[in-house]
Amino acid sequence: MAVLETIVVFDLNGKAIYWHTPNDRSAGYVPDSDDLWDFLWENRHRVGGYAHTHPGYGGVRPSGIDLTTFDAIEKGLGKHLLWPILSFDKMVCVVRNPLFDKGGAKWTLAGPLTVEFDWIDELRRLSGSEDSPPP
Amino acid sequence: MADDILNAADDILASDERMAVLTVALDGELGESPDTIPFDASDEEIKRWATEAISGGTIPGIDAQEVDFTNYTVRRLPAKDGLPDRVFVRPKTEVGGPAHLEVKCKVPVFREEGVDVRYIEVNTDPVRRHPDGPIQVQIVIGDQSVVVKADSLAAALANAVNC
């Protein structure tokens with residue numbers, strides 16, 4: 001299986017509600033999608049977050065494209081979401097910084113979460129982790 | 001007389017123009033502009049009209065506000081099932097970056113047997129790369145890629161030369 005960035009959308013309880021695995025995604029990019037937007041819009045009242053992978057091992061950080069997409073989707077939906085980003089062995093959760101107007105960065109990393117995600121292993125598997133052993 | 005003909009021609013062209021309903025997703029609302037817009041207008045024009053409509057408060061259901069649609073995308077839906085042509089201005093959903101960097105420079109690669117180095121790209125575009133990030137070098141090997149800092153490579157090169 002190829003190594004591919006993959007997206008899962010989860011609800012307010014942290015449960016997976018939509019797997020986004022388009023054929024045109026690559027190891028470093030998932031293109032814009034009408035289907036994904038339609039799902040987010042139609043389920044906007046129960047969407048809690050949108051996680052995606054950066055296939056590989058080690059620490060992860062959002063790209064500039066990630067952050068502008070987070071910003072646009074929150075603007076469109078009119079709500080803040082949780083934005084987990086996962087490598088094959090690490091995960092960070094990006095959130096909008098409530099102190100942005102006080103001079104902080106626009107985005108920050110969330111602290112420990114009280115919710116357990118049951119989709120993490122499957123998201124990594126769909127991203128090609130089984131064929132990409134640790135270095 | 002000539003002006004009259006030109007005006008008439010403009011009217012005919014205008015009447016033949018394919019018009020669409022403009023719909024904008026903002027603040028959890030889907031607002032529809034009472035004014036139609038050309039279906040085939042450029043994305044930039046459509047975003048500008050949407051921006052003006054929002055700031056002017058002319059879209060019912062969406063409060064007047066200054067808004068930046070830079071990170072939105074334009075979707076055109078041809079008329080179907082009795083619905084008119086529609087143009088949606090909605091948030092983009094893409095994620096990623098390194099594989100979609102704007103390529104400013106391609107670097108020749110010495111191929112090594114058994115290693116499928118497909119290409120190396122250097123991104124210097126301050127808009128496309130991480131706002132606070134360094135210039136990036138992406139190395140794509142088979143289906144995987146790695147991104148390293150350009151200044152790290154330059155430092156390594158300088159050290160190697162000085163050895």
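Everything below is about the structure printed above this text.
Residues numbered from 1 in each chain as written. Chains lettered and ligands numbered in written order. Predicted model: local features only at pLDDT ≥ 70, side-chain atom pairs only at ≥ 80, totals over all residues. Heavy atoms only, no water.

### What about the overall build of chain A?
Using the following cut-off: Numbering of helices and strands runs from the N terminus; a helix is a DSSP stretch of H or I covering at least four residues, while a strand is a stretch of E covering at least two. For this measure, only C-alpha atoms enter the radius of gyration; the expected value for a globule follows 2.2 Å times N^0.38, where N is the number of residues. Buried, partly exposed and exposed residues are distinguished by accessible area as a fraction of the type maximum, computed with a 1.4 Å probe on protein chains only: under 20%, between the cut-offs, and over 50%, respectively. The contact criterion used throughout is that any non-hydrogen atoms of two residues lie within 4.5 Å. Where accessible areas are quoted, they stem from the Shrake-Rupley method and a 1.4 Å probe; at the residue level, only the protein chains shown are allowed to cover. Working convention for charge: Lys and Arg count positive, Asp and Glu count negative, and His plus the chain ends are omitted. One atom stands in for each charge, and that atom is NZ of Lys, CZ of Arg, CG of Asp or CD of Glu.
A count of helical and extended segments in chain A gives 3 helices and 7 strands. On C-alpha atoms alone, chain A measures out to a radius of gyration of 14 Å, which is about the 14 Å that the 2.2 N^0.38 rule sets for 135 residues. When its C-alpha atoms are laid out on the principal axes, chain A stretches across 45 × 30 × 30 Å. Per-residue burial over chain A gives 59% buried out of 135 residues. Long-range contacts, defined here as pairs at least 24 residues apart, represent 64% of the contacts in chain A between residues at least 6 apart. As displayed, chain A offers around 6300 Å² of accessible surface, 50% of which is attributable to carbon and sulfur atoms. Of the charged side chains in chain A, 13 are positive and 19 negative; the average position of the first set lies 7 Å away from that of the second.

### A short note on the interface of chain B and chain A
Applied cut-off: Accessible area, probed at 1.4 Å, shrinks when two parts are joined; the buried area is that loss added up over both. Between Lys or Arg on one side and Asp or Glu on the other, a salt bridge is scored when a side-chain nitrogen of the former is within 4 Å of a carboxyl oxygen of the latter. Side-chain atoms alone can form a polar contact between residues adjacent in sequence; in general such a contact is a pair of N or O atoms within 3.5 Å, and within protein one must be able to donate a hydrogen while the other accepts it. For two strands to be treated as a pair, DSSP must find at least two bridges joining them.
Each partner contributes residues to the interface: chain B has 29 residues there, and chain A has 37 residues. Approximately 2800 Å² of surface area, both sides summed, lies buried where chain B meets chain A, with 54% of it carried by carbon and sulfur atoms. At the junction of chain B and chain A, the tally comes to 4 salt bridges. One salt bridge connects Arg90 of chain B with Asp32 of chain A, and the closest N-O pair in it is separated by 2.7 Å. Scanning the region where chain B abuts chain A turns up 22 residue pairs in polar contact (both at pLDDT 80 or more). Examining the composition of the side of chain B that touches chain A, we find that 3 residues originate from one element, strand E3 (residues 72-77) of chain B, more than from any other. Looking at chain direction, strand E3 (residues 29-30) of chain A and strand E5 (residues 95-96) of chain B are connected through 2 bridges and run antiparallel. Its bridge partner being in E5 of chain B, Tyr29 of chain A is matched across the sheet by Gly96 of chain B.

### Let's talk about the sheet that holds strand E4 (residues 86-91) of chain B
Residue and element names in this part refer to chain B. In plain terms, the rule: For helices, the fitted line uses only the C-alpha atoms of the stretch in contact; every axis is such a line through C-alpha atoms, and the angle between N-to-C directions lies from 0 to 180 degrees.
The 4 strands lie next to each other as E2-E1-E4-E3, forming an open sheet whose pairing is mixed. A single partner strand is all that each edge strand has here, and the edge strands are strand E2 (29-38) and E3. Strand-to-strand twist across the sheet, computed as the mean angle between neighbouring axes with direction ignored, equals 25°. Where strand E1 (residues 19-26) lies against E4, 4 bridges are found, and the strand directions are parallel.

### Considering the packing of aromatic side chains
The line we're drawing: Side-chain rings of Phe, Tyr and Trp (the six-membered ring for Trp) are treated as a pair once their centres are within 6.5 Å; stacked means planes under 30 degrees apart, edge-to-face means over 60, and tilted covers the remaining angles. As a reminder, the over-ring test applies to NZ of lysine and CZ of arginine, requiring each to be within 6 Å of the ring centre and within 35 degrees of the ring normal.
A full pass over the atoms with the stated rule returns 10 aromatic pairs over all chains. Plain terms: the ring middles of Tyr50 of chain A and Trp83 of chain A are 5.0 Å apart, the flat faces sit at 55° to each other, and that makes the pair tilted. Taken together, the positions of Tyr50 of chain A in strand E4 (residues 47-53) and Trp83 of chain A in strand E5 (residues 83-86) put the pair 33 residues apart, joining distant regions of the chain. Per residue, the accessibility class of Tyr50 of chain A equals that of Trp83 of chain A, and both read buried. Taking the centre distance of 5.8 Å and the plane angle of 75° together, the rings of Phe70 of chain A and Trp107 of chain A count as edge-to-face. Of this pair, Phe70 of chain A sits in helix H2 (residues 64-77) while Trp107 of chain A sits in strand E7 (residues 107-109), placing them 37 residues apart in sequence. Side by side, Phe70 of chain A and Trp107 of chain A carry an identical accessibility label, which is buried. Each member of the aromatic cluster is reached from another via a ring pair, and the members are Tyr50, Phe70, Trp83 and Trp107 of chain A. Sitting above the plane of the Trp41 of chain A ring, Arg44 of chain A keeps its charged end 3.9 Å from the centroid. If you follow Arg18 of chain B out to its NZ or CZ, it ends over the ring of Phe39 of chain B, 3.9 Å from the centre.

### Digging into H2 of chain A
Residue and element names in this part refer to chain A. So the rule is basically this: One less than the residue count of a helix, multiplied by 1.5 Å, gives the span that helix is expected to have.
Between its terminal C-alpha atoms H2 stretches 20 Å, which fits the 20 Å expected from 14 residues at 1.5 Å a residue. The buried fraction of H2 is high, at 12 of 14 residues. Of all the positions in H2, only Gly64, Ile65, Asp66, Leu67, Thr69, Phe70, Asp71, Ala72, Ile73, Glu74, Gly76 and Leu77 are classed as buried. Positive backbone phi, approximately 70°, marks Gly78, located one or two places after H2.

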